[in-house]
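Letter by letter, the chains look like this.
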Amino acid sequence: MTSPQVVLITGALTGIGRATALAFAKEGAQLVVSGRRDAEGEGLATELEALGVRAAYIRADVRHEAEVRSLIEQTLERFGRLDVAVNNAGIEGDFGPISDTTEANYEAVFDTNVRGVVYSLKHELRAMQAQGGGSIVNVSSVLGRVGYAGFGVYTASKHAVDGLTRTAALEGAAFGVRVNGVAPGPVETPMLNRLTGHDENAKAQMMAGMVGKRAADPDEIAQAIVFLASNRSRFMTGETVAIDGGHSAG
Ligand SMILES: NC(=O)c1ccc[n+]([C@@H]2O[C@H](COP(=O)([O-])OP(=O)(O)OC[C@H]3O[C@@H](n4cnc5c(N)ncnc54)[C@H](O)[C@@H]3O)[C@@H](O)[C@H]2O)c1
């Protein structure tokens, strides 16, 4: 019998990352959950172990290459391999028109959403090339394929993620690594609550204007990530799958 797959998730402590960790645990995977809040991270690792799987929290801020390199090194040291990586850490930044964009907002959003994914891909691809294969899933957004007035910098950052997914897929194909993405519409997470000002009426109004009429449950995104990471999607690479209740179909 082969040992359970080793799965690494960045920004794993809340929202989609956390739901993805729980979904992989239910599949019996070994988990490395990464983030920046140690007590919360240790708590999640304990919760995952209670489901009967091996799990560890490893601290990493994806904006800093040394921390990402160390995250991958520690994963390999402690678990022996890296089969699946989910690049999920991301921030939304400020809401407002491009004509009001600040340097600080541009830097913050691109530092996490683009620089963080570049560093993560770099070190994940190296590790997976050395072991002869693997599967990576980038968490993009429906705003990687359509625009959204008031959210120009975030939208640009997620378009960049989709370009990285395609390019990393071409580079990874030579050594058996697949790279795909998910493009969620609104999802019930702390990010969506921040975006709607923690106001349920504002959220309901936003959803009323969407084809699917509701936000996704984080597990609905996690299930697609588990599929893209698995052998069941073995001939898919370079693809970013929309999970948005139809929002981007029009
Ligand atoms: N919630 C939505 O509606 C929605 C829609 C489309 C895409 N997404 C994307 O899903 C991903 C997860 O977001 P979420 O909705 O679960 O929100 P969230 O805020 O709950 O999760 C993001 C996680 O990333 C972590 N993080 C942020 N910057 C980091 C950094 N520099 N290093 C390490 N960790 C960092 C945060 O602490 C947080 O735990 C993001 O990439 C986001 O852009 C979310």
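Going by an unreviewed UniProt entry, the chain carries the name NAD(P)-dependent dehydrogenase (Short-subunit alcohol dehydrogenase family) and comes from Roseateles asaccharophilus.

S.K.: Looking at this model, I keep getting lost on the packing of aromatic side chains. Mind explaining?
M.R.: In this description, a pair of aromatic rings is defined by centroid distance and the angle of the planes. Under the definition given, this model contains five aromatic pairs. Ring centres of Phe 151 and Tyr 154 lie 4.9 Å apart, and the angle between their planes is 25°; this geometry places the pair in the stacked category. Overall, Phe 151 belongs to the buried group, its relative accessible area being 5%. Judged by relative accessible area, which is 9%, Tyr 154 ranks as buried. Aromatic ring contacts, followed pair by pair, group Phe 95, Tyr 148, Phe 151 and Tyr 154 into a single cluster. Above the face of the Phe 79 ring, Arg 54 is positioned so that its terminal group lies 4.0 Å from the ring centre.

S.K.: For this particular structure, what's the right way to read the site of the ligand?
M.R.: If you check the shell around the ligand, you find 28 residues, and the closest are Thr 14, Ile 16, Asn 88, Tyr 154 and Thr 189. Within the side chain of Asp 61, a nitrogen or oxygen atom sits 2.9 Å from a nitrogen atom of the ligand. Here an oxygen atom of the ligand sits 2.6 Å away from a polar atom, N or O, in the side chain of Tyr 154. For the ligand, the protein covers 95% of the area, taking 820 Å² as the surface of the free molecule. Because more than half of its atoms lie within 2 Å of the grid, the ligand is assigned to the largest pocket. Elements with a minimum of two residues in the shell around the ligand: helix H1 (15-26), helix H5 (152-173) and helix H6 (190-195). Tallying contributions element by element places H6 first for the shell around the ligand, with three residues. Split into classes, the residues belonging to the shell around the ligand amount to twelve nonpolar, ten polar and six charged.

S.K.: How should the pairing of strand E2 (residues 30-35) be read in this particular structure?
M.R.: Two faces belong to every sheet, and in a regular strand the side chains alternate between them. In terms of residue burial, E2 counts as a mostly covered element, since six of its six residues are buried. Judged by which residues are buried, E2 turns out to be covered on both faces: Gln 30, Val 32 and Ser 34 on one side and Leu 31, Val 33 and Gly 35 on the other are all buried. For the handedness criterion, the β-α-β arrangement of strand E1 (residues 6-9), H1 and E2 is classed as right-handed. Two strands pair when backbone bridges link them, and E2 and strand E3 (residues 55-59) are joined in this way by five bridges, in the parallel orientation. Looking at E3, one finds that Leu 31 is bridged to Ala 55.

Each value, and the rule that gives it
Residues numbered from 1 in each chain as written. Predicted model: local features only at pLDDT ≥ 70, side-chain atom pairs only at ≥ 80, totals over all residues. Heavy atoms only, no water. Phe/Tyr/Trp six-rings, centres within 6.5 Å; stacked < 30°, edge-to-face > 60°. Buried < 20%, exposed > 50% of the residue type's maximum accessible area, 1.4 Å probe, protein only. Lys NZ or Arg CZ within 6 Å of the ring centre and 35° of its normal. Near = heavy atom within 4 Å. Polar contact = N/O pair within 3.5 Å; in protein donor to acceptor, adjacent residues only side chain to side chain. Areas by Shrake-Rupley, 256 points an atom, 1.4 Å probe, with all protein chains shown as cover. 1 Å grid on protein atoms, 1.4 Å probe; cavity = no way out; pocket = protein on both sides within 12 Å on 5 of 7 lines; lining within 4 Å. Sits in = over half its atoms within 2 Å of the grid points. Helix = DSSP H or I, 4+ residues; strand = E, 2+ residues; numbered from the N terminus. Nonpolar A, V, L, I, M, F, W, Y, C, P; charged D, E, K, R; others polar. Right-handed = clockwise from strand over helix to strand, strands pointing away. Pairing = 2+ DSSP bridges.

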